[in-house]
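# Working through the structure, step by step
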Amino acid sequence: MVVGASQLIIPSTKPSRAFGDEGSIITVGVFPDRRRIVTGSADNTVRLWDLKDGVVLREMGGHHNRVQTLAVSRDGGLIASGDWSGELIAWDGDTGESLTRAIKAHSTYIDSAAFSPDGTVLATGSRDGTTKLWSTKTWRLQGKPIHCSAAVTCVRYSPSGGLLAITTDEDIQIRKPERNSRFTYRHKEKGCISKFKAHAAIKGAYNLSLAWTPDGTRLLSGGSLADPTIREWDSSPWKQVGHPWNAHNNQINAITVNTDGTLVASASIDDNVRLWRLSDRQTISVFKHSAAVWCVTFPTDGERLFSAGHDGGVSEWLAADAALLDTPREQASNMVCLL
């Protein structure tokens, strides 16, 4: 079954604004003041941007390889960036000054990083098969690594901070992060709440991206080329809700949910950002890039989307305007029909 079979959608190829012409931008973070964003690029740099004028406020060096992931603390005071060589750098969110030298946090790619809601802990996930928790006061490892048995592709704290969701090539793991644990986490030991195959249950597929709804009752996951769907999970029994959201035709690199919990956006290698209504899992708009899209995020106002990818620069889209559409758009020759 394909969700949203009756909806007709005209892709939008013109963002409301585009800025920056750097090479491939892999990751974007938005500050709570809605005045700045931060980007991580394939040219090994982190850049702090002014949103009003679309100009770079600061270019931050220190990485020795492609910047793969960024995280911004909820209060905007901290930035963390991780790269392909497994190095982690912490930055002051106000000034862009580095707070640490490059920390050899993992033995290979850091694919994901996330601050706890209170900003006291940073979780990092790596293709070395571990997730690690770092104190944001000392920038030292807290407890032992969480050994996940497969490459870690995404880590996300629940809105309350009580749970940590981890995607690996083989499963999704839901853990209760014990900050001062002296044992190694493994399934069925203290700390592991649930473990399920998710997209990896499909032959050749693996799990890539995650996003919690603001109320913490749902977790959304995105899959790889063999299963390029979004799946919705109930956080009480950890069972799938409804049918897969089926519209992308290549792997889903990122998922984001607006602060009201009404809209979801997904970014894919198929060059598209899709905007969905959470209530009926309906695609309501498609924002088209000219190349693979690596990241997408909502600012706190939820009225805009920022996305970036292999085509360089950052695109800003008016999500609120698209969300107001409650009837199919006028048919046109470039229309996409979800059959």
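Before reading on, note that the structure itself is shown above.
Residues numbered from 1 in each chain as written. Predicted model: local features only at pLDDT ≥ 70, side-chain atom pairs only at ≥ 80, totals over all residues. Heavy atoms only, no water.

## Quick word on the nonpolar core
Stated precisely, the cut-off is as follows: Nonpolar cores are built from buried Ala, Val, Leu, Ile, Met, Phe, Trp, Tyr and Cys residues. Side-chain atoms within 4.5 Å join them into one set. For each residue, the accessible area found with a 1.4 Å probe, counting protein chains only, is set against the maximum for its type, and the residue is called buried under 20%, exposed over 50%, and partly exposed in between. Each helix is a run of H or I in the DSSP string that is no shorter than four residues. Each strand is a run of E no shorter than two, and both are numbered from the N terminus. Note on contacts: a residue pair is in contact if any heavy atoms of the two residues lie within 4.5 Å.
One finds Ala-265, Val-273, Leu-275, Phe-287, Val-296, Phe-298 and Leu-305 to be the most contacted residues of the largest nonpolar core, which totals 15 residues. Counting residues per element, the ones that place at least two in this core are strand 25 (263-268), strand 26 (272-277), strand 27 (282-288), strand 28 (293-297) and helix 1 (319-323). The leading source of residues in this core is strand 25, at three residues. The contacts of Val-273, once residues within four sequence positions are left out, are Ala-265, Ser-266, Ala-267, Ser-285, Val-286, Phe-287, His-289, Val-293, Val-296, Leu-305 and Ser-307. The next biggest cluster of nonpolar side chains, apart from the first, holds 13 residues, and it includes Ala-71, Ala-80, Leu-122 and Trp-139.

## Structural notes on the packing of aromatic side chains
The condition that has to hold: Here is the rule: rings of Phe, Tyr and Trp (six-membered ring for Trp) pair when centre to centre is within 6.5 Å. Planes less than 30 degrees apart are stacked, more than 60 are edge-to-face, and the remainder are tilted. A positively charged side chain is recorded as over a ring if its NZ (Lys) or CZ (Arg) lies within 6 Å of the ring centre. The angle to the ring normal must also be within 35 degrees.
Per the stated rule, a full pass over the model turns up seven aromatic pairs. Look at Phe-196 and Trp-238: their rings are 6.0 Å apart centre to centre, the planes differ by 25°, and that puts the pair in the stacked class. Here the residue Phe-196 occupies a position in strand 18 (residues 192-196), and Trp-238 occupies one in the loop between strand 21 (229-234) and strand 22 (239-240), the gap between them amounting to 42 residues. Given the relative accessible area of 8%, Trp-238 is considered buried. Each ring, one from Trp-245 and one from Trp-276, has its centre 5.2 Å from the other, and the planes form 50°; the classification is tilted. A residue pair is termed long-range when its members are at least 10 positions apart, and Trp-245 in strand 23 (residues 245-246) and Trp-276 in strand 26 qualify at 31 residues. When its relative accessible area of 0% is taken as the criterion, Trp-276 is described as buried. Following the ring pairs from residue to residue traces out a cluster consisting of Phe-196, Trp-212, Trp-233 and Trp-238. Its end group placed over the ring of Phe-31, Arg-36 keeps NZ or CZ at 3.9 Å from the ring centre.

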